[in-house]
Structure formats: C-alpha cells, structure tokens
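Observations on chain architecture
Listed here are the chains, written in short residue letters.
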Amino acid sequence: MTKLGIIGAMDVEVAILKEKMTEKSVTNVGKMAFFQGKLAGCDVVVAQCGVGKVHAAMCAQTLCDRFGVTHLVNTGIAGSLDNELDIGDVLVSRDVMQHDFDCYHFGYPMCKIPGLDVTAFPADEGLIAMAFEASEALKPGHTKIGRVATGDQFVASQELKDRIIDRTGANCTEMEGGAIAQVAYVNQVPFVILRAISDKADNSAEMDYPTFERLAAEHCAAVTEALAKKMAE
Ligand code: ADE
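A short tour of the structure in this document, coming up. (Residues numbered from 1 in each chain as written. Predicted model: local features only at pLDDT ≥ 70, side-chain atom pairs only at ≥ 80, totals over all residues. Heavy atoms only, no water.)

1. What about the packing of helix α1 (residues 11-20) against helix α6 (residues 205-232)?
Relative placement of two packed helices is described by the angle separating their axes and the distance separating the axes. Our working rule: All axes are obtained by fitting lines to C-alpha atoms, using only the stretch in contact for helices, and the reported angles, taken between N-to-C directions, cover 0 to 180 degrees. What counts as a helix is a DSSP run of H or I of at least four residues, what counts as a strand is a run of E of at least two, and both are numbered from the N terminus. In what follows, roughly perpendicular refers to angles from 65 to 115 degrees, roughly parallel to angles under 35, roughly antiparallel to angles over 145, and oblique to any angle outside these ranges. Throughout, a crossing is termed right-handed when the near helix is turned clockwise from the far one, and left-handed when it is turned anticlockwise from it by less than a right angle. Whether two residues touch is decided by their heavy atoms; if any such pair falls within 4.5 Å, the residues are in contact. Throughout, the ten residues Ala, Val, Leu, Ile, Met, Phe, Trp, Tyr, Cys and Pro are labelled nonpolar, Asp, Glu, Lys and Arg are labelled charged, and all others, Gly among them, are labelled polar.
Remark: α1 packs on α6, axes separated minimally by 8 Å, with the N-to-C direction vectors making an angle of 45 degrees. The orientation of α1 with respect to α6, classified from their angle, is oblique. Between α1 and α6 lies a crossing of right-handed hand. Judged by residue contacts, Val-12, Glu-13, Ile-16, Leu-17 and Lys-20 of α1 engage Glu-213, Arg-214, Ala-217, Glu-218, Ala-221, Thr-224 and Glu-225 from α6. Its residues assigned to classes, the contact of α1 with α6 comprises five nonpolar, one polar and six charged.

2. Let's talk about the pairing of strand β3 (residues 32-39)
This is how it is decided: When DSSP finds two or more bridges between a pair of strands, those strands are recorded as paired.
Pairing between strand β2 (residues 22-29) and β3: six bridges, direction antiparallel. The residue of β3 that forms the bridge with Asn-28 is Ala-33. Connecting β2 to the next strand, β3, in antiparallel fashion are two residues, including Gly-30 with a positive phi near 60 degrees. The hairpin turn running from β3 into strand β4 (residues 42-48), its antiparallel successor, is two residues long, and Ala-40 in that turn takes a positive phi close to 50 degrees.

3. A short note on the side chain of His-99
For clarity, the threshold we go by: Each residue's exposure class comes from its accessible area (1.4 Å probe, protein chains only) as a fraction of the maximum for that residue type: buried when under 20%, exposed when over 50%, partly exposed otherwise.
Mapped onto the elements, His-99 comes out in the loop between β6 (90-98) and β7 (121-122). The exposure class assigned to His-99 is buried, which follows from its relative accessible area of 1%.

4. Comments concerning the environment of His-219
Its location among the elements puts His-219 in helix α6. Classification of His-219 by relative accessible area gives buried; the value is 18%. Sequence-wise, His-219 and Ile-197 are 22 residues apart; in three dimensions their C-alpha atoms are separated by 9.8 Å. With sequence-adjacent residues up to four places away left out, His-219 is seen in contact with Gly-88, Val-90, Leu-138 and Lys-139.

5. Focus on unusual backbone geometry
Even without glycine at this site, Glu-23 takes up a positive phi of about 50 degrees. Within the secondary structure, Glu-23 is located in strand β2.

6. Things to note about the packing of aromatic side chains
Inclusion rule: Between rings of Phe, Tyr and Trp, where Trp is taken as its six-membered ring, a pair exists when centres lie within 6.5 Å; planes separated by under 30 degrees are stacked, by over 60 edge-to-face, and by other angles tilted.
If you walk through the whole model with that rule in mind, you get four aromatic pairs. Note on Phe-34 and Phe-67: the rings are 4.9 Å apart at their centroids and 25 degrees apart in plane angle, and the pair reads as stacked. A residue pair is termed long-range when its members are at least 10 positions apart, and Phe-34 in strand β3 and Phe-67 in the loop between α2 (53-65) and β5 (71-80) qualify at 33 residues. For Phe-34, a relative accessible area of 0% puts it in the buried group. Residue classification places Phe-67 among the buried residues on the basis of a relative accessible area of 7%.

7. Things to note about the site of the ligand
Filter applied, for reference: Any residue with at least one heavy atom within 4 Å of a molecule or strand is counted as near it. Whenever two N or O atoms come within 3.5 Å, that pair is a polar contact, provided that in protein one can donate a hydrogen and the other can accept it, and provided that, for residues adjacent in sequence, both atoms are side-chain atoms. Here the open area of atoms and residues is found with the Shrake-Rupley method and a 1.4 Å probe, where only the protein chains shown may cover a residue.
The local shell around the ligand holds 13 residues, among which Gly-79, Phe-154, Val-155, Ser-198 and Asp-199 are the closest. A distance of 2.8 Å separates a nitrogen atom of the ligand from a polar backbone atom of Val-155. Between a nitrogen atom of the ligand and a side-chain N or O atom of Asp-199, the distance comes to 2.7 Å. For the ligand, whose unbound accessible area comes to 260 Å², protein coverage reaches 96%. The set of elements that each furnish at least two residues to the shell around the ligand consists of β5, β9 (172-174) and β10 (191-199). When residues of the shell around the ligand are assigned to their parent elements, the largest contribution, three residues, is made by β5.

8. Some details on the nonpolar core
What counts is decided by this rule: In this text, buried Ala, Val, Leu, Ile, Met, Phe, Trp, Tyr and Cys residues form a nonpolar core when linked through side-chain atoms within 4.5 Å.
Ranked by size, the top nonpolar core spans 65 residues in total, and within it Phe-34, Leu-63, Leu-72, Phe-191, Val-192 and Leu-194 carry the most contacts. Top contributing element to this core by residue count: α6, with nine residues. Other than its neighbours up to four places away in sequence, Val-192 contacts Leu-72, Val-73, Asn-74, Val-92, Ser-93, Ala-123, Leu-127, Ile-128 and Leu-227. Judged by nonpolar contacts, the second largest core, of seven residues, contains Ala-149, Leu-160, Ile-164 and Ala-170.

9. A short note on the environment of Asn-28
Relative to the assigned elements, Asn-28 resides in strand β2. Asn-28 sits in the exposed class, given a relative accessible area of 57%.

10. Quick word on the packing of α2 against helix α5 (residues 177-187)
Contact pair α2 / α5: the axes reach a minimum separation of 8 Å and the direction vectors enclose 35 degrees. For the element pair α2 and α5, the recorded crossing hand is right-handed. Mapping the contact onto sequence places Lys-53, Ala-56, Ala-57, Ala-60, Gln-61 and Cys-64 in α2 and Ala-179, Ile-180, Val-183 and Asn-187 in α5.

This is how it looks when you write it as structure tokens:
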C-alpha cells in the first residue's frame, strides 16, 4: 500500500497540506511533529523538518523507520540557477546533488560523497512523470525536469551562484533536497523533489525571497496535493 512521506522545511511549505488533510493524527519525535492521515485520498505523513541538510535527513530517516513510508516527496521553494526558470515556475527533480560536499583534498571530485556509488541521486521515474503532469495541469508551460543542487547555504550572490552552476550543472538550489535524496537512496525508497522558484539566487535574492516566498511555497504545496491525488488513483 502506498504511504507518501511529504517533507517541507518551513511552516509555509507544509501549512496548507496539514489543513487539507483528513483523518489526521499527530506524533512527536524529538522536536519534529509528524501528521498522519489522508491527503486527496492518499495515505500520507506530512512533516516540517526545519532548514538544512541535517534536519532534512533526520526527518526522512524517521519517516522511513517509524512510519514506513513507501515514497518520499520534498515540497518547497528554491533559487533559480537557470534563465529558463522564472519566479513561480516549478522544477521537478531528475536528480539531486549536494553542492557543498567537499572531499577534494581527500581525493574525491567535488560533490562526491565517499562510500556512495553515485554523485547525483536519481529521482524515481514514475514520481517524476506524475509530478510533471500534476504541475503542468495547474500551470501549463511552467514546469521543468532537471537537477537540484543542495547545500547548507542560502545563495544570494552571483559569485556563489556561478560556482554552484559550474560544480553541478543544476537548475535550482535549495537546502534540503540532497539530504532527503541521500536518505531515500540508502533506504531504497523512491523519491522526488518539487521546488517552486522564489528568487534567482543572485544579488536580487534577498529582495525577492520575502516577496515571493509564500506564493511559491503555496503553489508547490498545490502541486504536491495534485501528485498525492494521482498516487491515490
Ligand atoms: N530557497 C529559496 N531560495 C533559495 C536560495 N537562494 N538559496 C538556497 N535556498 C533557497
């Protein structure tokens, strides 16, 4: 039976989903609250993990161990690294890298995590297709499938943005997807990262982010709900 684990870092990224859930019960694990119930007819567990890779990894592993989720979805906002991705557009992950993982002087290429056989964690083909369809149905012509670059950094300068593009070739950057992808990969749980663009990850990011944060986060939550509906069919 499908049980979808849905992770958002911030309240604005999960609040609407929690409101829309039925048959809801809450379980606290440490400082994280896990909301079990139904969303658009699909069995889900929704959690707000907090910002950054460690929070995201803790949350994803708990969803696997304690809640037995069969699939993982990360909903939220991101900075664009791609001129074709404008504010409000949606990026569905084909794969995900950790742009700040640096064991270069230990003999590894940038972004390579020792002990793992991939540098970019591949998202699940079925989830990618369903998420793309769900997003396009809500806002046609505004969804792209591509690469997510994750790091423990809010990217707000052209210099850092260029460096991340150089290292990863990614289409957007955020702070949790790569950790969720790594946990999913190690636990062999299919995953996808859904991100709506809130800013351009350059010198305008500090200005744009507060303006577009809510709109983008709520749009991404709507895509996630539509994906849950498809999964329930
Ligand atoms: N999430 C949204 N915008 C971001 C940015 N510019 N850098 C990192 N995470 C983000």
